Amino acid sequence: MRQPAARRPGGRLRGLVRTARAAGVPVLLDTSGEPLRRAVAARPDLIKPNAEELAELTGAHEPLRATQDARRRGARSVVASLGAEGLLALTPEGRWRATPPDRVRGNPTGAGDSAVAGLLSGLVERLPWPDRLARAVALSAATVLAPTAGDFDREAYEGLLDRVTVTPEASAA
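Residues numbered from 1 in each chain as written. Predicted model: local features only at pLDDT ≥ 70, side-chain atom pairs only at ≥ 80, totals over all residues. Heavy atoms only, no water.

## Describing the overall build of the chain
Then, number 1: Check the secondary structure of the chain and you find seven helices and six strands.
Then, number 2: Ordered by position from N to C terminus, the α and β elements of the chain give α-β-α-β-α-α-β-β-β-α-α-α-β.
Then, number 3: Taken against the 2.2 N^0.38 rule, which gives 16 Å for 173 residues, the C-alpha radius of gyration of the chain at 16 Å falls within 12% of a compact globule.
Then, number 4: Reported as C-alpha extents along the three principal axes, the dimensions of the chain are approximately 55 × 40 × 30 Å.
Then, number 5: Each of the 173 residues in the chain was classed as buried or not, and the buried ones make up 45%.
Then, number 6: Counted over contacts in the chain with a minimum sequence separation of 6, partners at least 24 positions apart contribute 50%.
Then, number 7: A total accessible area of about 9300 Å² is found for the chain, and carbon and sulfur atoms account for 49% of it.
Then, number 8: With 25 positive and 20 negative side-chain charges, the chain shows a spacing of 12 Å between the two charge centroids. (Helix = DSSP H or I, 4+ residues; strand = E, 2+ residues; numbered from the N terminus. Rg over C-alpha atoms; globule rule 2.2 N^0.38 Å. Buried < 20%, exposed > 50% of the residue type's maximum accessible area, 1.4 Å probe, protein only. Contact = heavy atoms within 4.5 Å. Areas by Shrake-Rupley, 256 points an atom, 1.4 Å probe, with all protein chains shown as cover. Lys, Arg positive; Asp, Glu negative; His and termini not counted. Charge placed at Lys NZ, Arg CZ, Asp CG, Glu CD.)

## A word on the pairing of strand 4 (residues 87-91)
Each regular strand carries side chains that alternate between the two faces of the sheet.
Then, number 1: Counted residue by residue, strand 4 has five buried out of five residues, so it is predominantly covered.
Then, number 2: Where burial is concerned, the two faces of strand 4 agree: the one with Leu87, Ala89 and Thr91 and the one with Leu88 and Leu90 are both buried.
Then, number 3: With four bridges joining them, strand 3 (residues 77-81) and strand 4 adopt antiparallel strand pairing. Across the sheet, residue Ala80 finds its bridge partner in strand 4, namely Leu88.
Then, number 4: The loop that links strand 3 with its antiparallel partner strand 4 comprises five residues; one of these, Gly83, has a positive phi angle of about 65°.
Then, number 5: Alignment of strand 4 against strand 5 (residues 94-99), held across five bridges, turns out to be antiparallel. Looking across to strand 5, one finds that Leu90 is bridged to Arg95.
Then, number 6: Counting the residues that bridge the hairpin from strand 4 to strand 5 gives two residues. (Pairing = 2+ DSSP bridges.)

## A look at the side chain of Glu53
Then, number 1: By the element assignment, Glu53 lies in helix 3 (residues 51-58).
Then, number 2: Of the side chains bearing the opposite charge, Lys48 lies closest to the buried Glu53, which forms no salt bridge; the N-O distance is 5.3 Å.
Then, number 3: In this view, Glu53 contacts Thr31, Ser32, Leu36 and Lys48; residues no more than four positions away in its chain are not counted. (Salt bridge = Lys/Arg side-chain N within 4 Å of Asp/Glu carboxyl O.)

## Quick look at helix 1 (residues 11-22)
Then, number 1: With 12 residues, helix 1 should reach 16 Å at 1.5 Å per residue; the first-to-last C-alpha distance of 17 Å fits that figure.
Then, number 2: Burial in helix 1 covers these residues: Gly11, Arg14, Val17 and Ala20.
Then, number 3: Packing partners of the buried residues in helix 1 comprise helix 2 (33-40). (Expected span 1.5 Å × (residues − 1).)

## Some thoughts on the packing of helix 6 (residues 129-145) against helix 7 (residues 154-161)
Then, number 1: Where helix 6 meets helix 7, the closest approach of the two axes is 8 Å, and the angle between their N-to-C directions is 145°. Read as a crossing pair, helix 6 and helix 7 show a hand that is right-handed. Across the interface between the two elements, Ala134, Arg135, Ala138, Leu139, Ala141, Ala142 and Leu145 of helix 6 pack against Ala156, Tyr157, Leu160 and Leu161 of helix 7.
Then, number 2: Grouping the constituent residues of the contact of helix 6 with helix 7 by class yields 10 nonpolar, no polar and one charged. (Axes fitted to C-alpha atoms, helices over the stretch in contact; angles between N-to-C directions. Left-handed = near helix turned anticlockwise from the far one by under 90°. Nonpolar A, V, L, I, M, F, W, Y, C, P; charged D, E, K, R; others polar.)

Written out as structure tokens, the structure reads:
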């Protein structure tokens, strides 16, 4: 017997995305697996998968191709976390790669959540995409550098923010 959509993995999340979008509330989706696959069809404003989650969603292991495919599946914008290599973003306004100034070493616990916080605050403040991405990368790197897992080093964040490199990527053919 088939479960109702609301009980299937991602069914409730997909409904929540649709409800928020209908109410004019921007949606940033940070999940993986079946919930991501189902909810992306509801057209969230932004998804932030890591490279592995993006490959699982799209079947493409090359990040540039995978971000395009994720947009075709419904995401308005896709920001792929590439670990120490930073972020790759594909949005209606363009495509960018954002990288930290130096490779940081430390505990990555919470770094993805910090990237989401940077993206979300930039969305709320209506910052241009390059500024959102710089904020997300600097905050994520500052989280890796923090002495306590899941925390962030404010001084490191402030020192990194202006040194994050955000470069436009050529559009795919």
